[in-house]
Amino acid sequence: MIAYLSGKLVYKDPTFVVIDVNGIGYHVKISLQTYSKIKDEEQIRLLTFLHIKEDAHTLYGFKEETEKKLFLLLISINGVGPNTGLMILSSLDTIEIEQAILSGDVGKIQAVKGIGIKTAQRIILELKDKVGKSGSTDSTTPLGFLKSSNKVREEALQALVTLGFPKAVAEKNIALVLKKTEGEISLEDLIKASLKTP
């Protein structure tokens with residue numbers, strides 16, 4: 001089990017990073033929460049979870065311990081795989097997820113792409129007694145507003161397609177968000193808002 005990786009940040013995308021550790025490049029999947037906290041660090045340390053399947057070994061990375069713990073709790077639920085866990089952590093921040101579970105807000109969790117009502121209910125039922133015990137100190141760090149240039153639009157589109165959205169749907173959602181915000185939005189917020197657009 002790889003507990004963490006510490007090395008040079010070679011490449012950063014809203015859905016993954018490449019970390020050079022002593023000449024070996026590790027491809028690590030990340031959530032939007034972790035993406036927003038990495039900023040432009042040259043040296044990086046990510047807590048990791050290695051998911052092993054017959055056809056793939058996939059690394060998932062987290063900047064904060066609270067996010068990793070919540071991810072592990074989420075994937076312990078029947079029907080929630082690592083990619084779905086990452087989707088939940090990209091759509092809602094740690095505090096929002098914990099509050100939705102503690103208050104029994106099925107609708108909030110069900111609003112995440114790929115989560116049906118039964119899975120949302122199961123998440124709440126099984127995690128109600130497990131979250132919020134240690135008191136989360138996580139907080140989202142705004143990235144600052146970026147002019148929504150074509151580059152930001154392209155990066156958001158690529159991230160949504162990577163997360164499983166059909167390209168046409170992703171383009172439509174991004175256009176709707178940009179229209180509402182008049183183009184003044186950070187990449188992280190653009191992806192997050194596009195994930196929640198029905």
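Residues numbered from 1 in each chain as written. Predicted model: local features only at pLDDT ≥ 70, side-chain atom pairs only at ≥ 80, totals over all residues. Heavy atoms only, no water.

**Q** Can you explain the overall build of the protein? Please cite residues and give values.
**A** Looking only at helices and strands, the protein has nine helices and five strands in total. Out of the 198 residues belonging to the protein, those deemed buried represent 44%. Of the contacts made within the protein by residues no fewer than 6 positions apart, 58% connect residues no fewer than 24 positions apart. A total of about 10,300 Å² of accessible surface is found on the protein, and carbon and sulfur atoms cover 52% of it. (Helix = DSSP H or I, 4+ residues; strand = E, 2+ residues; numbered from the N terminus. Buried < 20%, exposed > 50% of the residue type's maximum accessible area, 1.4 Å probe, protein only. Contact = heavy atoms within 4.5 Å. Areas by Shrake-Rupley, 256 points an atom, 1.4 Å probe, with all protein chains shown as cover.)

**Q** How would you sum up the pattern of salt bridges? Please name residues and give values.
**A** Opposite charge on two side chains allows them to pair when their charged atoms are near. Tallied over the full model, the rule gives two salt bridges. Close ionic contact of Lys 192 with Glu 188 constitutes a salt bridge, the shortest N to O distance being 3.8 Å. Here the residue Lys 192 and the residue Glu 188 both occupy positions in helix 9 (residues 187-196), the gap between them amounting to four residues, near one helical turn. Both residues of the pair, Lys 192 and Glu 188, belong to the buried class. (Salt bridge = Lys/Arg side-chain N within 4 Å of Asp/Glu carboxyl O.)

**Q** I'd like a rundown of the packing of helix 3 (residues 82-91) against helix 9, residues and numbers included.
**A** Remark: helix 3 packs on helix 9, axes separated minimally by 9 Å, with the N-to-C direction vectors making an angle of 110 degrees. Here helix 3 is positioned roughly perpendicular relative to helix 9, judged by the angle of their axes. For the pair helix 3 and helix 9, the contacting residues are Met 87, Ser 90 and Ser 91 in the first and Lys 192, Leu 195 and Lys 196 in the second. Looking at the contact of helix 3 with helix 9 residue by residue, the classes come out as two nonpolar, two polar and two charged. (Axes fitted to C-alpha atoms, helices over the stretch in contact; angles between N-to-C directions. Parallel < 35°, antiparallel > 145°, perpendicular 65-115°, else oblique. Nonpolar A, V, L, I, M, F, W, Y, C, P; charged D, E, K, R; others polar.)

**Q** Give me the lowdown on unusual backbone geometry, citing residues and values where you can.
**A** The backbone of Asn 22 sits at a positive phi, close to 50 degrees, despite the residue not being glycine. Owing to a relative accessible area of 77%, Asn 22 belongs among the exposed residues under this scheme.

**Q** Provide a residue-level description of the layout of surface pockets, including the pertinent values.
**A** Its volume calculated, the largest pocket comes out at about 190 Å³. What lines the largest pocket is Thr 15, Phe 16, His 27, Lys 29, Asn 83, Thr 84, Leu 86, Met 87, Lys 113, Gly 114, Thr 162 and Leu 163. Those elements that place two or more of their residues in the lining of the largest pocket are strand 3 (24-29) and helix 3. Per element, the largest residue contribution to the lining of the largest pocket is four residues, and it comes from helix 3. Here the residues of the lining of the largest pocket are counted per class, giving four nonpolar, six polar and two charged. (1 Å grid on protein atoms, 1.4 Å probe; cavity = no way out; pocket = protein on both sides within 12 Å on 5 of 7 lines; lining within 4 Å. Points joined across faces, edges and corners; volume = space filled by probe spheres on them.)

**Q** Report on the packing of helix 8 (residues 167-181) against helix 9, specifying residues and quantitative values.
**A** Helix 9 packs onto helix 8 with a crossing angle of 115 degrees between their chain directions and a minimal axis gap of 9 Å. Where helix 8 crosses over helix 9, the handedness of that crossing is right-handed. Contacts from Asn 173, Ile 174, Val 177 and Leu 178 in helix 8 reach Leu 190, Ala 193 and Ser 194 in helix 9. Of the residues that constitute the contact of helix 8 with helix 9, the class distribution is five nonpolar, two polar and no charged. (Left-handed = near helix turned anticlockwise from the far one by under 90°.)

**Q** Lay out the sheet that holds strand 3 with the relevant residues and their values.
**A** If you trace the five strands once around the closed barrel, you get 1-2-3-5-4, paired in mixed fashion. For this sheet, the mean angle separating the axes of adjacent strands, direction not counted, is 55 degrees. Here strand 2 (residues 16-21) runs beside strand 3; their pairing, made up of six bridges, is antiparallel. Bridge pairing links Val 17 to Val 28 in strand 3. In this fold helix 2 (residues 65-75) packs onto strand 4 (43-53) and strand 5 (56-62), with an angle of close to 10 degrees to the strand it touches most, strand 4. (Pairing = 2+ DSSP bridges.)

**Q** Quick rundown of helix 6 (residues 117-127)? Include the residues and the values.
**A** Among the residues of helix 6, those classed as buried are Thr 119, Ala 120, Ile 123, Ile 124 and Leu 127. Buried residues of helix 6, seen end-on, are gathered within an arc of 135 degrees and therefore sit on one face of the element. Exposed and oriented more than 90 degrees from the buried face of helix 6 are Lys 118 and Leu 125. The inward-facing, buried residues of helix 6 abut helix 2, helix 3, helix 4 (94-103) and helix 5 (106-110). (Arc of directions from axis to C-beta.)

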